[in-house]
Amino acid sequence: MDIKDLLKRAAKVYFIIATLICFAMYIIGALSFPEAKLGYEAFSAPLLYALFGVVPVIIMYSSKELSVKQFIMRKIIQLISIEILIFVALLGGDYLPLTFPVAAGLFFLVALIFVLEHVIEFLLDSKRAADLTKDLEDYQKRS
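Overview of the structure.

Calculation rules
- Residues numbered from 1 in each chain as written.
- Predicted model: local features only at pLDDT ≥ 70, side-chain atom pairs only at ≥ 80, totals over all residues.
- Heavy atoms only, no water.
- Salt bridge = Lys/Arg side-chain N within 4 Å of Asp/Glu carboxyl O.
- Helix = DSSP H or I, 4+ residues; strand = E, 2+ residues; numbered from the N terminus.
- Buried < 20%, exposed > 50% of the residue type's maximum accessible area, 1.4 Å probe, protein only.
- Core = buried A, V, L, I, M, F, W, Y, C linked by side-chain atoms within 4.5 Å.
- Contact = heavy atoms within 4.5 Å.
- Patch = residues over 30% accessible without salt bridge, like charges linked within 9 Å, V, L, I, M, F, W, Y side chains within 5 Å.
- Areas by Shrake-Rupley, 256 points an atom, 1.4 Å probe, with all protein chains shown as cover.
- Axes fitted to C-alpha atoms, helices over the stretch in contact; angles between N-to-C directions.
- Parallel < 35°, antiparallel > 145°, perpendicular 65-115°, else oblique.
- Left-handed = near helix turned anticlockwise from the far one by under 90°.
- Nonpolar A, V, L, I, M, F, W, Y, C, P; charged D, E, K, R; others polar.

### Looking at the pattern of salt bridges
(1) Moving on: On inspection of all chains with the given rule, the structure shows 4 salt bridges.
(2) Moving on: A salt bridge links D131 to K127, with the shortest nitrogen-to-oxygen separation between them at 2.9 Å. Placement of the pair is D131 and K127 together in helix α4 (residues 100-142), with a separation of 4 residues, close to one helical turn.
(3) Moving on: Judged by relative accessible area, which is 35%, D131 ranks as partly exposed.

So, in structure tokens, the structure goes:
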């Protein structure tokens, strides 16, 4: 993977994560604080958190093919890095009181978004691979 591919992947991951964070914030807010009214500053939080979620993409950069063990270890390190970055961001702001239940729920939610992002990315990549395979088969039939 070269730097250009890394940046493309980071952009794709950023928008997937931002969308999932917006959805999670909507669900949690609607269930926990249905009467709350938010200002425009609420739109910046998902964008900032998604940026924190993309920074660890650098951990996956390698000029050579990773073994399965290396890949899994880097994914674990990536998830831990994202968890730490999100908690540091929350501690630095007055977003919500960080009690144990809130922290545990947030930890679970970040992990769930991490998994969902990878599932969505896999589905998008699988669709693209199937399209390329079909195009290649069509090209071979014409030749």
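So that's the structure; there's more coming.
### With respect to the nonpolar core
(1) Moving on: Within the largest apolar cluster, 26 residues are counted, with the highest numbers of intra-cluster contacts made by I17, Y49, V54, I86 and I113.
(2) Moving on: Elements supplying a minimum of two residues to this core: α1 (3-32), α2 (44-54), α3 (68-92) and α4.
(3) Moving on: Apart from the residues within four sequence positions on either side, I86 is in contact with Y49, F52, L106 and V110.

### Considerations on a nonpolar patch on the surface
(1) Moving on: Nonpolar side chains collect at one region of the surface, where V68, F71, I72, M73, I76, I80, I84 and V88 lie side by side and expose about 750 Å² of accessible area between them.
(2) Moving on: By the element assignment, I76 lies in helix α3.

### Describing the packing of α1 against α4
(1) Moving on: For the pair α1 and α4, interaxial distance at closest approach is 10 Å and the crossing angle is 130 degrees. Comparing the axis directions of α1 and α4 gives the class oblique. Seen along the crossing, α1 lies across α4 with a hand that is right-handed. Contact with α1, carried on its side by R9, K12, V13, I16, I17, L20, I21, A24 and I28, involves L109, I113, L116, E117, H118, I120, E121, L124 and D125 of α4 and no other residues of that element.
(2) Moving on: Of the residues assigned to the contact of α1 with α4, the class counts are 12 nonpolar, 1 polar and 5 charged.

### Comments concerning the packing of α1 against α2
(1) Moving on: The N-to-C vectors of α1 and α2 enclose an angle of 135 degrees; their axes lie 8 Å apart at closest approach. On the basis of their axis angle, the class for α1 and α2 is oblique. Seen from above, α1 lies across α2 with right-handed handedness. Where α1 abuts α2, its residues A10, V13, Y14, I17, A18, I21, C22 and M25 lie against A45, P46, L47, Y49, A50, L51, G53 and V54.
(2) Moving on: Considering only residue class, the contact of α1 with α2 consists of 15 nonpolar, 1 polar and no charged.

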